[in-house]
Structures are given as structure tokens and as C-alpha cells.
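# Overview (structure and organization)
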Amino acid sequence: MIGYVECECIIYDVQSLKEKRAVLQRVVTRLKQKYNISVAEVDYQNVWQRTKLGIVAVTAERTATEQELQRALQFIDSFPEIERTVTTFEWF
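In short, a report on the structure. (Residues numbered from 1 in each chain as written. Predicted model: local features only at pLDDT ≥ 70, side-chain atom pairs only at ≥ 80, totals over all residues. Heavy atoms only, no water.)

### Side note on the overall build of the chain
Here is the rule: Elements are defined by DSSP. Helices are runs of H or I of four residues or more, strands are runs of E of two residues or more, and each kind is numbered from the N terminus. Based on C-alpha atoms, the radius of gyration is set beside the globule rule, defined as 2.2 Å times the residue count to the power 0.38. Burial here depends on accessible area, computed with a 1.4 Å probe over protein chains only, as a share of the maximum for the residue type. Under 20% is buried, over 50% is exposed, and the range in between is partly exposed. Methods summary: accessible areas were calculated by the Shrake-Rupley approach with a probe of 1.4 Å, and residue burial reflects only the protein chains presented. All tallies of charge rest on Lys and Arg as positive and Asp and Glu as negative; His and the ends of each chain are not included. A single reference atom marks each charge: NZ on Lys, CZ on Arg, CG on Asp, CD on Glu.
When helices and strands are counted, the chain shows two helices and four strands. When the helices and strands of the chain are placed in sequence order, the string is β-α-β-β-α-β. In summary, the chain has a C-alpha radius of gyration of 13 Å against a globular reference of 12 Å for 92 residues, a match within 12%. The C-alpha extent of the chain, read off along each of the three principal axes, is 40 × 20 × 15 Å. The 92 residues of the chain split such that 37% are buried. Carbon and sulfur atoms form 49% of the exposed surface of the chain, whose accessible area is close to 5400 Å². Averaging the locations of the 12 positively and 13 negatively charged side chains of the chain gives two centres separated by 5 Å.

See below:
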């Protein structure tokens, strides 16, 4: 089962694209290290306080995929500088 999540986030207290990319790099690197997922910034690359992340997980069962994606979203929520706003799930 393939699960795909898009989540829009607001990144507070950044004043430039350089600061935004530093925060995103830290978050994305830790997500990839900690979970069996792929992550990429899929929109708002040139906006410094907003981003949209695409996260994909592939497992044999939908429940395992959903658990992995939920854990990744909870991990994103643990960063105080990022607020997750709109989140959408798709299943293939």
C-alpha cells in the first residue's frame, strides 16, 4: 500500500529563504533518518515562511503505512518552529 501525505506548514521566526532552508533541512534529514519514508518540499520553495511537504510511505498493509505516516506527522509537530496547517492523505 502506498500512502501519500501533503502537509502545509508555517515556519515562524525566519526572515529569509536561507533560514527557512536551514530549518527544513534539519526537519527533512531527521524524518528520513528516523522513519521509512521519502520526504520533499513540493511547493512554496520561494516563500520564506511557508512550505508544503510531500511524504510517501510504502508497506504491505494500509495500517502499517498509516502508522508510519502518522508518526512522521507527529514528529513534524514536535518542532516548535513549525506549525502544520492543512494535511491531506491519498492512498494508492
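### Some remarks on unusual backbone geometry
Phi is positive for Asp13, close to 60 degrees, though the residue is something other than glycine. Within the secondary structure, Asp13 sits in the loop between strand S1 (2–11) and helix H1 (17–34).

### So, the side chain of Lys52
As a reminder of what qualifies: Every residue pair with non-hydrogen atoms within 4.5 Å of one another is taken to be in contact.
If you trace the backbone, Lys52 turns up in strand S3 (residues 50–58). With sequence-adjacent residues up to four places away left out, Lys52 is seen in contact with Glu6, Cys7, Glu8, Ala40, Glu41, Val42, Asp43 and Tyr44.

### Things to note about the packing of aromatic side chains
Any aromatic ring pair is given by two values, namely how distant the centres are and how the planes are angled relative to each other. Rules: Any Phe, Tyr or Trp ring, taking Trp's six-membered ring, that has another such ring centre within 6.5 Å forms a pair; planes under 30 degrees apart are called stacked, those over 60 apart edge-to-face, and the others tilted.
All chains considered together, the criterion is met by three aromatic pairs. Between Tyr35 and Phe75, the ring centres sit 5.9 Å apart and the planes meet at 70 degrees, which makes this aromatic pair edge-to-face. Of the two residues, Tyr35 sits in the loop between H1 and strand S2 (38–43) while Phe75 sits in helix H2 (residues 62–77), which places them 40 residues apart along the sequence. The buried category is assigned to Tyr35, whose relative accessible area is 12%.

### Overview of a nonpolar patch on the surface
Defined as follows: Exposure above 30% relative accessible area and the lack of any salt bridge qualify a residue for a patch; like charges then connect within 9 Å, and the nonpolar side chains Val, Leu, Ile, Met, Phe, Trp and Tyr within 5 Å. For salt bridges, the criterion is a side-chain nitrogen of Lys or Arg within 4 Å of an Asp or Glu carboxyl oxygen.
On the surface, a cluster of nonpolar side chains totalling about 300 Å² of accessible area is made up of Ile2, Val58 and Phe92. You can see Val58 is positioned in strand S3.

### A short note on H2
Given 3.6 residues per helical turn, the α-helix brings residues three or four places apart onto the same face. To keep it simple, the criterion reads: What a helix is expected to span follows from its residue count: subtract one and scale by 1.5 Å. This arc corresponds to the set of directions leading from the helix axis out to the C-beta atoms.
With 16 residues, H2 extends 22 Å between its outermost C-alpha atoms, agreeing within 8% with the 22 Å of an ideal straight helix rising 1.5 Å per residue. Residues of H2 that are buried: Thr65, Glu68, Leu69, Ala72, Leu73, Phe75 and Ile76. The arc that holds the buried residues of H2, viewed along the axis, is 160 degrees, so those residues lie on one side. In H2, the exposed positions angled more than 90 degrees off the buried face are occupied by Thr63 and Gln74. Packing partners of the buried residues in H2 comprise S1, H1, S3 and strand S4 (82–91).

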